[in-house]
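# Examination of the molecular architecture
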Amino acid sequence: MNEIRTIVSDIKKGNVKPIYFLMGEEPYYIDKISDYIEETVLDESEKGFNQQVLYGRDASVEDIISSAKRYPMMAEKQVLIVKEAQDLSRTIEKLVSYAQNPQPTTVLVINYKYKKLDKRKKLHKAITKSGLIFESKKLYENQVADWIRRVLSGKKYQIEPKAAQMLVEFLGTDLSKISNELSKLMLILPKETIINDKHIEENIGISKDFNNFELQKAIGSKDIVKANRIINYFVENPKNNPTIMTISLLNNFFTKLLLFHGLQDKSKSAVSKSLGVGFYFIDDYFMAARNYPMRKVAQVIAFLRDADVKSKGVGANQTQGDILKELIFKILH
């Protein structure tokens, strides 16, 4: 986040680089930086003649270089944005000669999503000298809830931990999807709102009572009635509650529970740091540890692996619902 603020701040001050190579596994920040350059570097009156967008699937590296070497018309700079540049991964090194001597009146923005340049190659070294390379790294699942809180805080909203966890569970680590849903919430709810699970349920369609977060809590506390009620709901609503997702999240929970058992320091701060979970969720691990000794946790992880294989159609004649019901029965007994 600090690196992004620095990039934006420099552009605002007029310190614009001739090349921005935006790469990495998380497309959200690549799009944000690219869009900011597209919207702000040129005035509206200058964009018609001096702003161009090319796509990697349609353009060659030679096309990009040719366009980048043009001079601006009635403006100090031209902006050339190359989207989906990862489609040029096999030939991207041909940009070396341009990167070594870029046109000073051109701002070349290359969106290279889901891939990275090899630091040992000439292109990486050339752009590092003449322009800027930004790597957008994928957030780990345990970092996304904090990201949601920071985004909302910047817009004068707050969110309760359970509500943030519901979003992460339902939308995964795709920041673009999460950002879209947060935008919808902010259109509906007034500033200073503390977003809770009811807001999520009413406006995004995620059930506050029947979700993987609640299932995890029910299993951890060995609440057999509640766990089975949630599983039955999942079986009746498979589209919104895919079995593979449920198995994956439970595997993550029990893997962390296994680590919990092995911790010498079980203070809340140590547990939070070691497991990568927020303070709000730590009590769930203390409770689950009482109900599932280390040997049982190892057994549960084996059950989860077996269910995962079956859910993918390997060696099973069961429906997804039956696989899930059998799994929960084995875990709870």
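Residues numbered from 1 in each chain as written. Predicted model: local features only at pLDDT ≥ 70, side-chain atom pairs only at ≥ 80, totals over all residues. Heavy atoms only, no water.

Worth spelling out the cut-off: UniProt positions are given in the numbering used here, feature names are shortened, and annotations may be inferred rather than shown by experiment.
Under an unreviewed UniProt entry, the chain has the name DNA polymerase III subunit delta and belongs to Polaribacter reichenbachii. Under the UniProt heading Catalytic activity (unreviewed entry), the entry covering the chain gives this text: "DNA(n) + a 2'-deoxyribonucleoside 5'-triphosphate = DNA(n+1) + diphosphate". Check the Sequence similarities (unreviewed entry) section of the UniProt entry for the chain; it says "Belongs to the DNA polymerase HolA subunit family."

## Structural notes on the packing of helix H7 (residues 141–154) against helix H8 (residues 161–171)
Using the following cut-off: Every angle, taken between N-to-C directions, lies between 0 and 180 degrees, and every axis is a line fitted to C-alpha atoms, over only the stretch in contact when it is a helix. Counting from the N terminus, the helices are DSSP H or I runs at least four residues long and the strands are E runs at least two residues long. The scheme is simple: roughly parallel for angles under 35 degrees, roughly antiparallel for over 145, roughly perpendicular for 65 to 115, oblique for anything else. Crossings are sorted by hand: turned counterclockwise from the far helix by less than a right angle, the near helix makes the crossing left-handed, and turned clockwise it makes it right-handed. Here a residue-residue contact requires only that any non-hydrogen atoms of the pair lie within 4.5 Å. Residues are grouped as follows: Ala, Val, Leu, Ile, Met, Phe, Trp, Tyr, Cys and Pro are nonpolar; Asp, Glu, Lys and Arg are charged; every other residue, Gly included, is polar.
Two numbers describe how H7 lies on H8: the axes approach to 9 Å, and their chain directions differ by 125°. Compared by their axis directions, H7 and H8 come out oblique. Crossing handedness for the pair H7 and H8: right-handed. On H8, the residues that touch Glu141, Val144, Ala145, Ile148 and Arg149 of H7 are Pro161, Ala164, Leu167 and Val168. Residue classes in the contact of H7 with H8 are distributed as seven nonpolar, no polar and two charged.

## Points about the packing of H7 against helix H9 (residues 175–188)
Remark: H7 packs on H9, axes separated minimally by 11 Å, with the N-to-C direction vectors making an angle of 40°. When the interaxial angle is binned, H7 and H9 end up oblique. Handedness of the crossing formed by H7 with H9: right-handed. For the pair H7 and H9, contact is made by Val144, Trp147, Ile148, Val151 and Leu152 and by Leu175, Ile178, Ser179, Leu182 and Met186, respectively. Classifying every residue of the contact of H7 with H9 gives nine nonpolar, one polar and no charged.

## Quick notes on the pairing of strand S4 (residues 106–113)
On a regular strand, each side chain points to the face opposite its neighbour's, so the side chains alternate between the two faces of the sheet. To keep it simple, the criterion reads: Accessible area is worked out with a 1.4 Å probe on protein chains only. A residue is then buried under 20% of its type maximum, exposed over 50%, and partly exposed in between. By this definition, two strands are paired if DSSP reports at least two bridges between them.
Within S4, eight of the eight residues are buried, leaving the element largely enclosed by the surrounding structure. Because side chains alternate across S4, one face comprises the buried residues Thr106, Leu108, Ile110 and Tyr112, and the other comprises Val107, Val109, Asn111 and Lys113, equally buried. Relative to S4, strand S3 (residues 78–83) runs parallel, the two being bridged by five bridges. Across the sheet, the residue bridging to Val79 is Val107, located in S4.

## Description of unusual backbone geometry
Positive phi outside glycine occurs at Lys156, with the angle close to 70°. Following the sequence through the fold, Lys156 ends up in the loop between H7 and strand S6 (158–159). The residue Lys222 is not glycine, and still its phi comes out positive at about 55°. Summarising the element assignment, Lys222 is placed in the loop between helix H11 (212–220) and helix H12 (224–236). In this structure Lys222 comes out as partly exposed when scored by relative accessible area, which is 31%.

## Details of the nonpolar core
Worth spelling out the cut-off: Grouping buried Ala, Val, Leu, Ile, Met, Phe, Trp, Tyr and Cys residues that are joined through side-chain atoms within 4.5 Å yields what is termed a nonpolar core. Segmentation of the chain into domains, including their bounds, is taken from an automatic or database domain assignment.
Tyr20, Ile37, Trp147, Ile148, Leu167, Leu182 and Ile200 are the most contacted members of the largest nonpolar core, which totals 44 residues. Domain assignment of the residues forming this core places at least three in each of domain 1 (1–136) and domain 2 (141–204). If you look at the next biggest cluster of nonpolar residues, it comprises 33 residues, including Ile231, Leu275, Tyr292 and Ile323.

## Observations concerning the environment of Phe253
Here Phe253 is to be found in helix H13 (residues 243–262). The buried category is assigned to Phe253, whose relative accessible area is 1%. Taking the C-alpha atoms as reference points, Phe253 and Ala288, separated by 35 residues in sequence, lie 9.8 Å from one another. Contact partners of Phe253, with chain neighbours within four places excluded, come to Gln216, Gly220, Asp284, Tyr285 and Ala288.

## Quick word on the UniProt feature "domain: DNA polymerase III delta N-terminal" (unreviewed entry) in the chain
On the UniProt side, "domain: DNA polymerase III delta N-terminal" (unreviewed entry) is annotated at positions that read residues 20–135 here. Measuring from the first to the last C-alpha atom of residues 20–135 gives 11 Å, for a span that is 37% helix and 24% strand.

## Topic: the pattern of salt bridges
Short version of the rule: Counted as salt bridges are all cases of a side-chain nitrogen of Lys or Arg within 4 Å of a carboxyl oxygen of Asp or Glu.
By the definition in use, this model includes 17 salt bridges. Measuring nitrogen to oxygen at the nearest pair gives 3.3 Å for the salt bridge that ties Glu326 to Lys310. One end of the pair, Glu326, is in helix H17 (residues 320–332); the other, Lys310, is in helix H16 (residues 294–311), with 16 residues separating them in the sequence. The exposure class of Glu326 is partly exposed, given its relative accessible area of 29%. Residue Lys310 is classed as buried on the basis of its relative accessible area, which comes to 16%. One salt-bridge network, in which partners are shared between bridges, spans Lys162, Asp197, Glu214 and Lys226.

## Some points on the sheet that holds strand S5 (residues 132–135)
Reading across from one edge, S2-S3-S4-S1-S5 is the order of the five strands in this open sheet, with parallel pairing throughout. Whereas interior strands pair on both sides, the edge strands pair on one side only; in this sheet they are strand S2 (51–55) and S5. The sheet shows a mean angle of 15° between the axes of neighbouring strands, direction not considered. Bridge count for strand S1 (residues 19–24) against S4 is six bridges, and the pairing is parallel. Counted as the bridge partner of Met23 is Tyr112 from S4.

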